[in-house]
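Architecture at a glance
Chain by chain, the residues:
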Amino acid sequence: MKLKDWLNVNREVFAQRDLNFLMSVLMDRKSAGFTDDCMLDDSDMDYLLSVKNLYSEGYPIAYILRQEQFFGLDFFVEPGVLIPRPETEIITEEALDIVNKNSINFVLDLCCGISCIAIVIAKHANKSLNIFASDISRQALMVSRKNIDSYNVPVRLIRSDLFSGFRKESFDLIVANPPYVETDYIKGSLSFEPRIALDGRSNGFYFIEKILRNAHKYLKSKGYLIVEIGYNHRGLLNRFIENTGIYDIVKWIKDYSSYTRGVILRLK
Ligand code: GLN
């Protein structure tokens, strides 16, 4: 069968973006000059059939292809680690901006997952940095190792339940994408991803609040804290800031639909 015939038969099965992604991964497997007019061999047919079957069961395409793009870079992912999201690209862009415009040296990517934030900062910063990435999940750290090695960037990994693995370290910038989905919302496609990376308890704010309560002990004077948050967490966060007076709010970060998806805080 030619690739174009396979595409004709299966076009309806896939969302367009996922089909494009699948085609780019397939083209990487083939030699240069392979077009949709070429014949698929048996191993291509087996591969495409297994992708189609898993996809039809609802598996996220990133898990099936073991890959996701983030900030224009390819990252290795596998079931058991969170798939990076576009909203985290916006958070990362803000973090890079803070790094590039301020005298920042020590940076921590807390709850790093596959370490996409740390790696993008390491690759794109306009200065050399001491970058750390931490997570409670051993699997996330193993996947991080793979990604860090493949980009050959100097990111140091630490296994830590939030800040419990840190002692005297202090950072100019901590950026965190903690679990913040309300428990009741973890269903559908989210149920394929690790609960430990998503579940922020009843109102989704449990880990965000823990981070806010503790991050200041690990920030240098006037240090920055950037946290990705749920679209409905702004009120809770505002109340925390007013009640504690630990941080100043520098900026709310919005996504392209104008939902608040993060905040930049600075130690007073
Ligand atoms: N951004 C993810 C979502 O809304 C959640 C990620 C997280 O909990 N850190 O699906």
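Residues numbered from 1 in each chain as written. Predicted model: local features only at pLDDT ≥ 70, side-chain atom pairs only at ≥ 80, totals over all residues. Heavy atoms only, no water.

A tally of helices and strands in the protein yields 10 helices and nine strands. At 20 Å, the protein has a C-alpha radius of gyration in line with the 18 Å of a compact globule built from 268 residues. Seen through its principal axes, the protein has C-alpha atoms that stretch 65 × 40 × 30 Å. Per-residue burial for the protein yields a buried fraction of 51% across its 268 residues. Pairs at least 24 residues apart make up 63% of the contacts formed inside the protein by residues separated by at least 6 positions. Split by element, the accessible area of the protein, about 13,000 Å² in all, is 48% carbon and sulfur. Treating the 34 positive side-chain charges of the protein as one cloud and the 34 negative ones as another, the clouds have centres 8 Å apart. (Helix = DSSP H or I, 4+ residues; strand = E, 2+ residues; numbered from the N terminus. Rg over C-alpha atoms; globule rule 2.2 N^0.38 Å. Buried < 20%, exposed > 50% of the residue type's maximum accessible area, 1.4 Å probe, protein only. Contact = heavy atoms within 4.5 Å. Areas by Shrake-Rupley, 256 points an atom, 1.4 Å probe, with all protein chains shown as cover. Lys, Arg positive; Asp, Glu negative; His and termini not counted. Charge placed at Lys NZ, Arg CZ, Asp CG, Glu CD.)

Attention now moves to helix 3 (residues 42-56). Between the first and last C-alpha of helix 3 there are 21 Å, a value that for 15 residues agrees with the 21 Å anticipated at 1.5 Å per step. The secondary structure elements touched by the buried residues of helix 3 are helix 1 (3-10), helix 2 (16-29) and helix 4 (61-65). Two or three places before Ser43, at the opening of helix 3, Asp41 has a side-chain oxygen 3.2 Å from that residue's backbone nitrogen. Count one or two residues on from helix 3 and you reach Gly58, which has phi positive near 105 degrees. (Expected span 1.5 Å × (residues − 1). Polar contact = N/O pair within 3.5 Å; in protein donor to acceptor, adjacent residues only side chain to side chain.)

Next up on the list: the packing of aromatic side chains. Per the counting criterion, the structure on display carries 13 aromatic pairs. Aromatic side chains Phe14 and Tyr55 sit 4.6 Å apart centroid to centroid with 35 degrees between the ring planes, which places their arrangement in the tilted category. Residue Phe14 is located in the loop between helix 1 and helix 2, and its partner Tyr55 is located in helix 3; the two are separated by 41 residues in the primary sequence. Between the aromatic rings of Phe70 and Phe75, the centroid separation amounts to 6.1 Å while the plane-to-plane angle is 75 degrees, which identifies the pairing as edge-to-face. Grouping residues by exposure puts Phe70 and Phe75 together as buried. Through a chain of ring-to-ring contacts, three or more aromatic side chains come together here, namely Phe132, Phe163, Phe166, Phe171 and Tyr218. Over the face of the ring belonging to Tyr47 we find Arg29, whose NZ or CZ atom lies 4.1 Å from the ring centre. For Lys146, the ring lying beneath its charged end belongs to Phe76, and the centroid distance is 4.0 Å. (Phe/Tyr/Trp six-rings, centres within 6.5 Å; stacked < 30°, edge-to-face > 60°. Lys NZ or Arg CZ within 6 Å of the ring centre and 35° of its normal.)

What follows deals with the environment of Asp184. As for its placement among the helices and strands, Asp184 is situated in the loop between strand 6 (171-176) and helix 8 (195-198). C-alpha separation for the pair Asp184 and Arg201, spaced 17 residues apart in sequence, amounts to 8.5 Å.

Right, let's talk about the pairing of strand 8 (residues 247-254) for a bit. Pairing geometry for strand 8 and strand 9 (residues 260-267), over seven bridges, is antiparallel. By the bridge assignment, Tyr247 is partnered in strand 9 with Leu267. Connecting strand 8 to the antiparallel partner strand 9 that follows it, the hairpin turn spans five residues, and Ser258 within it adopts a positive phi of roughly 70 degrees. (Pairing = 2+ DSSP bridges.)

Near the ligand the following residues occur: Arg85, Glu87, Asn177, Pro178, Pro179, Tyr180, Val181, Leu190, Ala197, Leu198, Glu228 and Arg261. Take Arg85: an N or O atom from its side chain is 3.2 Å from an oxygen atom of the ligand. Measuring from a nitrogen atom of the ligand, one finds a side-chain N or O atom of Glu87 at 2.8 Å. A total of 310 Å² of accessible area belongs to the ligand in isolation, and the protein chains cover 89% of it. Within the shell around the ligand, the residues separate by chemical class into seven nonpolar, one polar and four charged. (Near = heavy atom within 4 Å. Nonpolar A, V, L, I, M, F, W, Y, C, P; charged D, E, K, R; others polar.)

This paragraph deals with the nonpolar core. Where a protein is soluble and globular, its nonpolar side chains tend to be buried together. The biggest cluster of nonpolar side chains holds 41 residues, and the ones touching the most others in it are Phe75, Ile121 and Ile226. Mapped onto this core, the elements with two or more residues apiece are helix 4, strand 2 (73-76), helix 5 (86-101), helix 6 (116-124), strand 4 (130-135), helix 7 (138-151), strand 6 and strand 7 (219-228). Setting aside its immediate chain neighbours within four residues, Ile226 contacts Ile91, Glu94, Ala95, Ile98, Leu173, Ile174, Val175, Ala176, Ile253, Val263 and Ile264. If you look at the next biggest cluster of nonpolar residues, it comprises 32 residues, including Leu108, Phe171, Phe240 and Ile241. (Core = buried A, V, L, I, M, F, W, Y, C linked by side-chain atoms within 4.5 Å.)

Here we come to the sheet that holds strand 6. One open sheet accounts for seven strands, arranged 5-4-3-6-7-9-8; its pairing is mixed. The two strands at the open ends of the sheet, each matched to only one other strand, are strand 5 (155-159) and strand 8. This sheet shows a mean twist of 20 degrees between the axes of neighbouring strands, independent of strand direction. Pairing between strand 4 and strand 5: five bridges, direction parallel. Across the sheet, Phe132 pairs through a bridge with Arg156, a residue of strand 5. Contacts between helix 9 (residues 206-215) and the sheet are confined to strand 3 (106-110), strand 6, strand 7, strand 8 and strand 9, with strand 7 contributing the most and set at about 175 degrees to the helix. (Axes fitted to C-alpha atoms, helices over the stretch in contact; angles between N-to-C directions.)

From the geometry alone we can't say anything about function, so treat these as descriptive.
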